[in-house]
Every structure is written in structure tokens, then in C-alpha cells.
Amino acid sequence: GLIGSTMLATGPAYSQQPITSQQTIAIIPQPARLTAGSGSFAITAGTKIYVDAKNAELNRIGQTLSQEIKKAAGVQPQVVPAVPGKRATGGIYLTLLEPVDTLGTEGYKLSVQPTQVVLAASKPQGVFMGMQSIRQLLPTQGAGATASLPAVEIVDEPRYEWRGMHLDVCRHFFSVDFVKKYIDYLAMHKLNTFHWHLTDDQGWRIEIKKYPKLTEIGAWRDGSLIGRYTNAKADSQYDNIRHGGFYTQEQIKEVVKYAQDRYITVVPEIEMPGHAVAALAGYPELSCTGGPFKVERTWGVFDDIFCAGNEQTFTFLQDVLSEVMPLFPSKIIHIGGDEAPKTRWKTCPKCQARIKTEHLKDEHELQSYFVQRMEKFVNSKGKTIIGWDEILEGGLAPNAAVMSWRGMEGGIAAAKQKHNVVMTPGSHVYIDYAQDVASVEPLSIGGYLPLSKVYSFEPTPKDLTAEEKKYIIGGQANLWTEYIGTEKHVEYMVFPRMSALAEVVWTPASEKNWPSFKERMQTQYQRYEAMGANYARSAFTVRQ
Ligand code: TNX
């Protein structure tokens, strides 16, 4: 049934190993290559962080490391320019490799010896990733004067280029400060893509100057549904508490800059043609019926979507994207595409006329026409699109990437058609699902998704050819927030599953090891505690 994990029930018993220096090394995600050394590097009041002179990025990374050391060790190392060709004993060196190494954009080498620490990479991104590993070598609680780093040699690089976490800020709104905190969480897990779900039926969350009603009207709803997942509309089922909020373009820029400083790409999602009721509440003329509409107070899939027969729809969406795209340096823009019922299009004269004039077979091809038109526009601005796997129906737009959420099948089909794919199957990485039996967990959607199942996720399907496998660019976990209205609840849902995801998308498959992960998680929990982050203690519960 839903609860029961054969992996947990029949997996090898993990025997306690004797305590060695190796055991104090608990890095998540597990690095590609790691060899424990002997002894340790002592952090003292005199410890300095040396960075390549005049490299602003390395200097910034050095400052971050210095603050992290302060938290763990009580002393705050000074960040100073390195003298070329000279390495002082007792120094922590952050440096770029010359000539550029084979480690790629995000790879790094870290050598911790009793005499010095050297973190080297081809790019500052790599140094940033390595810095996250150094953070995890530090004691989890303030160890004061005795703080040290265990000796270790690491050569590391990520398995996938897209290592994503999604956050739905539409079903419930979350503040700029919390979004930044979420980005910090991604960074410490060496994740590099933040998928920001900005528009949906229950709220439009991004300021668009040309269409002020999107946020004046679309960002607010009169109440939320209390109780189980249902489309029931009885007034008594709503809390009648006005809920909402949105981000100004200035705030969006601030978040994007914050993420950029942490080498995280923010991918905005603007949903079309479905999940559009909040937009239609402000601009009902973009629907097939003309409305009127209210921002939805409940969850689910709604029949009223953008009208594909109406030229105004395309003008509107192009205008919206024209304001959105300059805010996000990301080369890729998410255009949604999921769960768009064809009910209205079937009876809409303009949509039917469009099907005729464009020689389309049916409404699925009409959605494909819709997406292809939007793709052309996005491509003309030098960017590309990604959409949920429904965009395969009726024919994939020529340059579109696919986010496969209804299992892996959509992703497999897209890879075979030579389109890039991000795997986010509900079965393994929908972290809005419960971490234990429903009776002991907060109300949620979707069933049981234990940590072991997230950990067992394999983004690249085995039955693809080597050539097809190249199109699987990564994996992502999604957090939909129908039932998640507080920051603490978001943290509860993402932790510890974010750690499992990190290991899925960063660590080579050969180095993944569930018993080792479980043991390293004991230290990771202490880090969560030190950060004040909420997490599900139920996550390791074994159910059979
Ligand atoms: C399906 S995943 C949706 C979301 C819901 C989610 C709940 C996807 C592309 N669409 O609108 O929030 O299920 O798990």
C-alpha cells in the first residue's frame, strides 16, 4: 500500500563502525571522491583566509566562510589577499586554478592538512561549492578554542547541471525574507536552481506594471479552504481570512541578486494556459467566457483558462513576459503548461475558429500552437522555455525543455525527441506528500513519501541510450503549498528531504549509500538545529 518501504524493511543492517577520524566527516551531499587524512587543522585566533588578490567573488566567499567559522569556532578569521607563490602555515586558501582544470564550472578540490587548507576550483562557483563542504567539516555547535577541521582530501563535482528546488508561493504567500532563507538552504545543499512558482489560480505574485490588476486583484483571496483536499464550495468550509501578497519588481531583483551571489539560478514560472484564474479575476476578457471570476479559495484544476482564440491573450502574455524576462538572468523561463482542461476551448467559437484556420486537429494541438507561439516570442528575446510534461501533448515546441512530473514517461519521451529534461516525478520528489503515516503528520496531499524513497530516486532512466541520457539535465523536488501556510511548515516538509535530494543530484550514483547517508544525517540534524530550522523527526520512521 501507500505506507511500506521494502527498501527500509529489507535493507542491510548498518553496524556501528568504531570511531575514527573518518566518522567526523559528514558531508551532504557526499563528495565524488573523499579520502580521510590523519590529524586536523586547528582554527585559532590567528587563522587567516587568503584569497586571490583583487578577486571580488573569492573575497565574498571568503567573508561568508569567515562568518561561518565565527559561528562554529567563536573566532572570526580575517580575509586577506594571498601573496602569489607563497603559502603561509596555518592559512586557509581559496584560489582559482590556472590553467583551468577539468573540474568544470562547479567542481572543486579541497585539501585539509594539519598545516593548511587549500580550496581550489576553476571558477568561483566551484570555490563556493567547496566552501559549503568546509562549513560541514566545522563542529556543529560552537566548539570555541578547540575547533578544528578533520584532515581530508576531496575532489568533487556535481552529477547534474540542474539541481533544483521549487517553491509554490501562490497557494500560500511567503515573504522576501523567507524566500532568501530558502535560497540559503539550497546553497548549503549545493543545489543551484530555484524554481519560483509565481502564478496560479489562488494568487498572482509578481508585480507587472502594465497590468496592475494582476496584483491589485489577483494577489488576494477572500479565504482559504479548511480541511481535506476537495473542490466542495460550501461557504462553511472556508476560513474567510483574506490571504495574499506579491513581490514588487524591486523585491524580485533583490531576491535574484541574493541568489546570484550564491550561484543559484532563479527560474520564474508564469503559468499558461491553465492555472490562470487569479489573472482572469483581474482581466476576465482574457478568458473564453468573459467571466466574472474570483481568485480561487480552494485547490484543484479549474476549467477557466486563458483563451487561445483571443489575440489579446497573446499580447497580454508577451507583455507580461517582456517585464518578467529582464528581471531574471536565467536563460530558461518556465511557462507552466500543466493541467489545462480543454472544456472552455471546446465550446469557445474563437478557439474553434483558430483550430480551423491553423489546420489543427484538436484542442491539444491548440495548446501546442499556444505554447509554440509563446516559445517563438521567448526565443526572440534570447531565452528558452521549459514546461510541465503536458506540453508534449499535441506536439512539443521545437526548443522547449520538459519538466517531467507525472512519473518519468514524459521525460523519457522528450529525451527520445532530443529535448532537455528535468525529472521531478511525483512518486519520488513531491515533498508536499507526507513523510510518515497520515495520522501522525500534518494534513497533506498525495500520500506517503518517505525519505528512503526520495533517496532512491534515479533521474536518468536506465533504458535510454547513452545519447538520450545526455538530455536528462537534472532533477528537482517540488513543494506545492496548498496545505502549507507557515514558514515552519515549509521547513518541516523540506527537511530532511532536501538532503536526500542533494545527494540524488550531486553525488555520483556509485557513491550513494543509504546507511552512510543515515549516519551522516545525524550530524546534519545538528546543523538544522544550529540554524534554527524545523525538520521532520518522523522522516526515518520505518513503516511496513
Ligand atoms: C499537481 S505538479 C500540480 C499542482 C498541485 C500539485 C499538488 C503540477 C505541474 N501541477 O498544481 O499543486 O499537483 O501535488
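All values derive from a computational prediction rather than experimental measurement.

K.L.:
Can you break down the overall build of the protein chain residue by residue, with the values?
P.N.:
Helix and strand counts for the protein chain stand at 18 helices and 19 strands. The C-alpha radius of gyration of the protein chain comes to 25 Å, within 12% of the 24 Å expected for a compact globule of 544 residues. Counting only C-alpha atoms and orienting by the principal axes, one finds that the protein chain spans roughly 75 × 55 × 50 Å. The 544 residues of the protein chain split such that 49% are buried.

K.L.:
Can you tell me about the sheet that holds strand 18 (residues 421-423), naming the residues and giving the values?
P.N.:
Strand pairing in a sheet relies on backbone hydrogen bonds. The paired strands run either parallel or antiparallel. Overall, parallel pairing links the eight strands, which are arranged 8-9-14-15-16-17-18-19 in a closed barrel. The sheet shows a mean angle of 30° between the axes of neighbouring strands, taken without regard to direction. Note: strand 8 (residues 162-168) against strand 19 (residues 472-477), four bridges, orientation parallel. Along strand 19, the bridge assignment pairs arginine 163 with glycine 475.

K.L.:
Go over the site of the ligand, please, and point to the residues and values.
P.N.:
Around the ligand, a shell composed of Asp338, Glu339, Trp388, Trp405, Tyr430, Asp432, Ile445, Gly446, Trp480 and Glu482 is seen. Of the residues that constitute the shell around the ligand, the class distribution is five nonpolar, one polar and four charged.

K.L.:
Please provide a residue-by-residue account of unusual backbone geometry, values included.
P.N.:
The residue after glycine 291, namely proline 292, is reached through a cis peptide bond having omega 0°. Looking at the secondary structure, you find proline 292 in the loop between helix 7 (277-282) and helix 8 (311-324). Along the chain, phenylalanine 495 connects to proline 496 via a cis peptide bond; the corresponding omega equals 10°. Considering the arrangement of structural elements, one finds proline 496 in the loop between helix 16 (487-494) and helix 17 (497-506).

K.L.:
So what about helix 2 (residues 56-73)? Which residues, and what values?
P.N.:
With 18 residues, helix 2 should cover 26 Å at 1.5 Å per step; its first-to-last C-alpha distance of 25 Å lies within 8% of that length. Residues of helix 2 that are buried include every one of Leu58, Ile61, Gly62, Leu65, Ile69, Ala72 and Ala73, and no others. Buried residues of helix 2, seen end-on, are gathered within an arc of 105° and therefore sit on one face of the element. With respect to the buried face of helix 2, the exposed residues turned more than 90 degrees away are Ala56 and Gln67. Looking at the buried side of helix 2, the elements it contacts are strand 2 (48-51), strand 3 (78-81), strand 4 (91-96) and helix 3 (124-137). Trailing helix 2 by a residue or two, glycine 74 shows a phi angle of about 85°, which is positive.

K.L.:
So, the packing of helix 2 against helix 3: which residues are in play, and what are the values?
P.N.:
At a closest axis distance of 10 Å, the pairing of helix 2 and helix 3 adopts a crossing angle of 10°. Classified by the interaxial angle, the pair formed by helix 2 and helix 3 is roughly parallel. Contacts between helix 2 and helix 3 involve Glu57, Leu58, Ile61, Thr64, Leu65 and Glu68 from the first element and Pro124, Val127, Phe128, Met131, Ile134 and Arg135 from the second. Looking at the contact of helix 2 with helix 3 residue by residue, the classes come out as eight nonpolar, one polar and three charged.

K.L.:
Help me get a handle on the environment of arginine 297, residues and values and all.
P.N.:
If you trace the backbone, arginine 297 turns up in the loop between helix 7 and helix 8. On the basis of neighbour count, arginine 297 is assigned to the partly exposed category, with 19 C-beta atoms found within 10 Å. Taking the C-alpha atoms as reference points, arginine 297 and arginine 242, 55 residues apart in sequence, are found 9.6 Å from one another. Leaving out residues up to four positions away in the same chain, arginine 297 has contacts with Arg221, Asp222, Gly223, Ser224, Leu225 and Tyr238.

K.L.:
Which residues make up the environment of alanine 533, and what values do they have?
P.N.:
Residue position: alanine 533 is located in the segment after helix 18 (514-531). Sequence-wise, alanine 533 and glutamine 476 are 57 residues apart; in three dimensions their C-alpha atoms are separated by 21 Å. With near-sequence residues (within four places) excluded, alanine 533 lies in contact with Glu491, Phe495 and Tyr528.

K.L.:
Which residues make up the domain arrangement of the protein chain, and what values do they have?
P.N.:
Interface size is commonly expressed as the accessible area that is lost once the parts come together. You can read the domains of the protein chain as domain 1 (33-156) and domain 2 (162-540). Taking the mean C-alpha position of each, domain 1 and domain 2 sit 36 Å from one another. Taken residue by residue, the interface counts eight residues in domain 1 and nine residues in domain 2. Element by element, the count of residues in the side of domain 1 that touches domain 2 is highest for helix 3, at five residues. When its residues are assigned to classes, the side of domain 1 that touches domain 2 shows two nonpolar, four polar and two charged.

K.L.:
Tell me about the confidence of the model for the protein chain, and name the residues and values.
P.N.:
Scored by pLDDT, the protein chain comes out at a mean of 92, with 93% of its residues at no less than 70. Averaged pLDDT values for the elements of the protein chain fall to 32 in helix 1 (residues 6-10) and rise to 99 in strand 9 (residues 193-197). Note on residues 1-23: pLDDT under 50 across the span, and 25 contacts to partners over four residues away in sequence or across chains. Scored as a whole, the predicted complex attains pTM 0.94, and scored at its interfaces, ipTM 0.95.

K.L.:
An account of helix 3 is needed here, citing residue identities and associated values.
P.N.:
End to end, helix 3 covers 20 Å across 14 residues, agreeing with the expected 20 Å (1.5 Å per residue, within 8%). Counting buried positions along helix 3 gives 11 out of 14 residues, so the element sits mostly inside the fold. What helix 3 keeps buried is the set Pro124, Gly126, Val127, Phe128, Met129, Gly130, Met131, Gln132, Ser133, Ile134 and Leu137.

K.L.:
Let's hear about the pairing of strand 14 (residues 265-272): which residues, and what values?
P.N.:
Extensive coverage of strand 14 is indicated by the burial of seven of its eight residues. Bridge analysis of strand 9 against strand 14 gives five bridges, and the strand direction is parallel. Looking at the pairing, histidine 197 lines up with glutamate 269 of strand 14. Across two bridges, the pairing between strand 14 and strand 15 (residues 332-336) is parallel. Its bridge partner lying in strand 15, methionine 272 is registered against glycine 336.

Cut-off values and rules
- Residues numbered from 1 in each chain as written.
- Predicted model: local features only at pLDDT ≥ 70, side-chain atom pairs only at ≥ 80, totals over all residues.
- Helix = DSSP H or I, 4+ residues; strand = E, 2+ residues; numbered from the N terminus.
- Rg over C-alpha atoms; globule rule 2.2 N^0.38 Å.
- Buried ≥ 20, exposed ≤ 12 C-beta atoms within 10 Å, placed from the backbone.
- Pairing = 2+ DSSP bridges.
- Axes fitted to C-alpha atoms, helices over the stretch in contact; angles between N-to-C directions.
- Near = placed C-beta within 6 Å.
- Nonpolar A, V, L, I, M, F, W, Y, C, P; charged D, E, K, R; others polar.
- Expected span 1.5 Å × (residues − 1).
- Arc of directions from axis to C-beta.
- Contact = placed C-beta atoms within 7 Å.
- Parallel < 35°, antiparallel > 145°, perpendicular 65-115°, else oblique.
- Domains from an automatic or database assignment.
- pLDDT = per-residue confidence, 0-100.

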